[in-house]
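The lines below spell out each chain.
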Amino acid sequence: PPSHEVKPKRHMLILDDCQGSNLYTTARAGILNHLAIKHRHIPVTICFLVQSWVGCPRTIRLNATQYCIFKTSDQTQLDQIYSAFANTVPREVFDRVYNEAISKKHGFLFIDVVPKEPYMQFRCGFDEYLLPQSNGDVETLDVGPNKQES
């Protein structure tokens, strides 16, 4: 009979709108900062839901591996978000994939900081990869529930 690998149970911690609370601290010894740094070594996925990019402590932002960026009219927020990815893509590429993602109803830009393959870095939502082209266009690759990733 085939052997089945037993995977450890994982947990998910969702923190919503904690800005201004005692949970967020700039001290590296703060429990959430420590958890954000060490979460890869314990079976927990942490979701920080924030209204402001800088409202989330820098230690947490630097240790996050995925981001969901929703539509905003605050250019300062977009500048701050882009600065976190400035070493991976030029600004015009970031702007193109962001605008493509938010152009869809309920669309958001999903960014994977450590993608398994380079083309997996940007998505519109969870089901569509955004593939920046050298001519300035953004092509899409649908990998929704009825599609298979290649």
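What counts and how
Residues numbered from 1 in each chain as written. Predicted model: local features only at pLDDT ≥ 70, side-chain atom pairs only at ≥ 80, totals over all residues. Heavy atoms only, no water. Buried < 20%, exposed > 50% of the residue type's maximum accessible area, 1.4 Å probe, protein only. Helix = DSSP H or I, 4+ residues; strand = E, 2+ residues; numbered from the N terminus. Arc of directions from axis to C-beta. Contact = heavy atoms within 4.5 Å. Polar contact = N/O pair within 3.5 Å; in protein donor to acceptor, adjacent residues only side chain to side chain. Pairing = 2+ DSSP bridges. Axes fitted to C-alpha atoms, helices over the stretch in contact; angles between N-to-C directions.

### Things to note about helix 3 (residues 75-83)
Alright, step 1. All of the buried residues along helix 3 are Gln77, Leu78, Ile81 and Tyr82. Down the axis of helix 3, the buried side of the element spans an arc of 135 degrees, and every buried residue falls inside it.
Alright, step 2. Of the surrounding secondary structure, the elements contacted by the buried residues of helix 3 are strand 3 (66-69) and helix 4 (91-102).
Alright, step 3. Its side-chain oxygen at 3.0 Å from the backbone nitrogen of Thr76, Asp74 defines the N-terminal cap of helix 3.

### Quick word on the sheet that holds strand 6 (residues 128-132)
Alright, step 1. The strand order across the open sheet formed by 5 strands is 3-4-5-6-7, and the pairing between neighbours is antiparallel. Taken across any chain shown, the strands that pair with only one partner, and hence form the sheet edges, are strand 3 and strand 7 (138-142). On average, each strand axis in the sheet is inclined to that of its neighbour by 30 degrees, with strand direction left out of account.
Alright, step 2. Here strand 3 pairs with strand 4 (residues 109-112) via 4 bridges, running antiparallel. Each residue of the ladder has a partner; that of Cys68, found in strand 4, is Phe110.

Read these as spatial facts, not as claims about activity.
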